[in-house]
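One-letter residues, chain by chain:
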Amino acid sequence: MTTTRRLGRSGIEVSAIGMGCWAIGGPLWAGAQPLGWGEVDDDESVRTVHRALDLGANLFDTSCNYGAGHSERVLGRALAGRRDRAVIATKFGYLTDEATRQATGEDAGPAHARRSLEGSLRRLGTDHVDLYQLHLNGLPVPRALDLVDTLEALVDEGKIRAYGWSTDDPESARAFAAAGPRCAAIQHDQSVLRDNAAMLAVCEEFDLASLNRGPLAMGLLTAKYQGTPAARGGDDVRGSAPEWLDWFSEGVPRAEWAERVARVREALTADGRTLAQGALGWLLARSARTLPIPGCRTVGQAEENIGALAYGPLPETAYAEVERLLADLRTATAAA
């Protein structure tokens, strides 16, 4: 069974499932609005990264603003002496204050792209990043294109191996990929609950990897949220969800999404997978370009999520059944 995939036109070989590192950054705030996943045990985070590596994962996705830089520091600590086993993806564009853990704004300028990279390299304890991603989802295309020359230069200098954009707009992704010879990936929202066929078509057109943000719907596609809703702390973004996070309301899964999970649970778990493993298997079956990056902050979560590699893509019959069960919703979404 193939457990690796290609990171788009970069040619870099990565595990078919990676590890998202937002949660291991710990708290982050925009005023009183939480933007992190709550307090975290750094020692457990390090053990989690090590376990992910041992299970065959080598792709780790973080950002300069996760925990105001704390995620990068913890990942750097975990990969000390193991850097050659890892493919590190990080992001730039959001500004934070490390002392207060507050988000302080945005900077989409080429000069900031260089400054931010230097900070990331320092925190990660490495001399290069494998994938450097613009993090500003809705940045106007002309401003994104202003970054291409700088990003290309950073590849030439050996500080990054490839670059991409974390955006949910297919036309933005298309323009960026067309302009950037060494743009290798687009990170976007993608899960069995919310398919993005248009973005996958762009990735196919330009030979890009599709990094799947939110592959488990921020925990909704895990056992934790089945039955009695799990309580969320006051420093967890899911407990006081901002407008862009529509899976939850005050820490409780929204009824329309919970109903969709119930509809497909049996098909996703029919061959012995857990619900999370089934959701990741659906993504692997959806396209040969998908790279799910589920968040992990405990060894147990890494064992479950990265353990989905052993199962591989969802079988054709199960995949077809999921699509049948969601056909009316897929049609409604496409028409919207």
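Report follows, based on the coordinates. (Residues numbered from 1 in each chain as written. Predicted model: local features only at pLDDT ≥ 70, side-chain atom pairs only at ≥ 80, totals over all residues. Heavy atoms only, no water.)

**Concerning the overall build of the chain**
The secondary structure content of the chain amounts to 12 helices and 16 strands. Since a compact globule built from 336 residues should have a radius of gyration of about 20 Å, the 19 Å found for the chain is in line with a globular shape. Seen through its principal axes, the chain has C-alpha atoms that stretch 50 × 40 × 40 Å. Counting all 336 residues of the chain, 56% fall into the buried class. Roughly 13,200 Å² of accessible area belongs to the chain as shown, and the carbon and sulfur atoms make up 50% of that amount. Within the chain, one finds 36 positive and 45 negative side-chain charges whose respective centroids are separated by 2 Å. (Helix = DSSP H or I, 4+ residues; strand = E, 2+ residues; numbered from the N terminus. Rg over C-alpha atoms; globule rule 2.2 N^0.38 Å. Buried < 20%, exposed > 50% of the residue type's maximum accessible area, 1.4 Å probe, protein only. Areas by Shrake-Rupley, 256 points an atom, 1.4 Å probe, with all protein chains shown as cover. Lys, Arg positive; Asp, Glu negative; His and termini not counted. Charge placed at Lys NZ, Arg CZ, Asp CG, Glu CD.)

**As for the packing of helix 9 (residues 275–286) against helix 10 (residues 299–306)**
Between two packed helices, the angle of one axis relative to the other and the distance separating the axes together describe the packing. Contact geometry for helix 9 and helix 10: axes closest at 8 Å, N-to-C directions at 45 degrees. The angle between helix 9 and helix 10 falls in the class oblique. By crossing handedness, the relation of helix 9 to helix 10 is classed as right-handed. Contacts between helix 9 and helix 10 involve Ala-276, Gln-277 and Leu-280 on the former and, on the latter, Glu-303, Glu-304 and Asn-305. Looking at the contact of helix 9 with helix 10 residue by residue, the classes come out as two nonpolar, two polar and two charged. (Axes fitted to C-alpha atoms, helices over the stretch in contact; angles between N-to-C directions. Parallel < 35°, antiparallel > 145°, perpendicular 65-115°, else oblique. Left-handed = near helix turned anticlockwise from the far one by under 90°. Contact = heavy atoms within 4.5 Å. Nonpolar A, V, L, I, M, F, W, Y, C, P; charged D, E, K, R; others polar.)

**Side note on the pairing of strand 8 (residues 94–97)**
Strand direction decides the pairing type here: strand 8 and strand 9 (residues 102–106), joined by four bridges, are antiparallel. Paired with Leu-95 across the bridge in strand 9 is Gly-105. If you look at the hairpin formed by strand 8 and strand 9, you'll find four residues sitting between the two strands, and Arg-101 has a positive phi there, around 60 degrees. (Pairing = 2+ DSSP bridges.)

**Structural notes on the pattern of salt bridges**
Overall, the coordinates contain 27 salt bridges when judged by the stated rule. Note that Arg-263 and Asp-328 form a salt bridge whose closest N and O atoms lie 2.9 Å from each other. Note that Arg-263 is positioned in helix 8 (residues 255–269) and Asp-328 in helix 12 (residues 327–335), a separation of 65 residues in sequence. Classification of Arg-263 as partly exposed rests on a relative accessible area of 35%. (Salt bridge = Lys/Arg side-chain N within 4 Å of Asp/Glu carboxyl O.)

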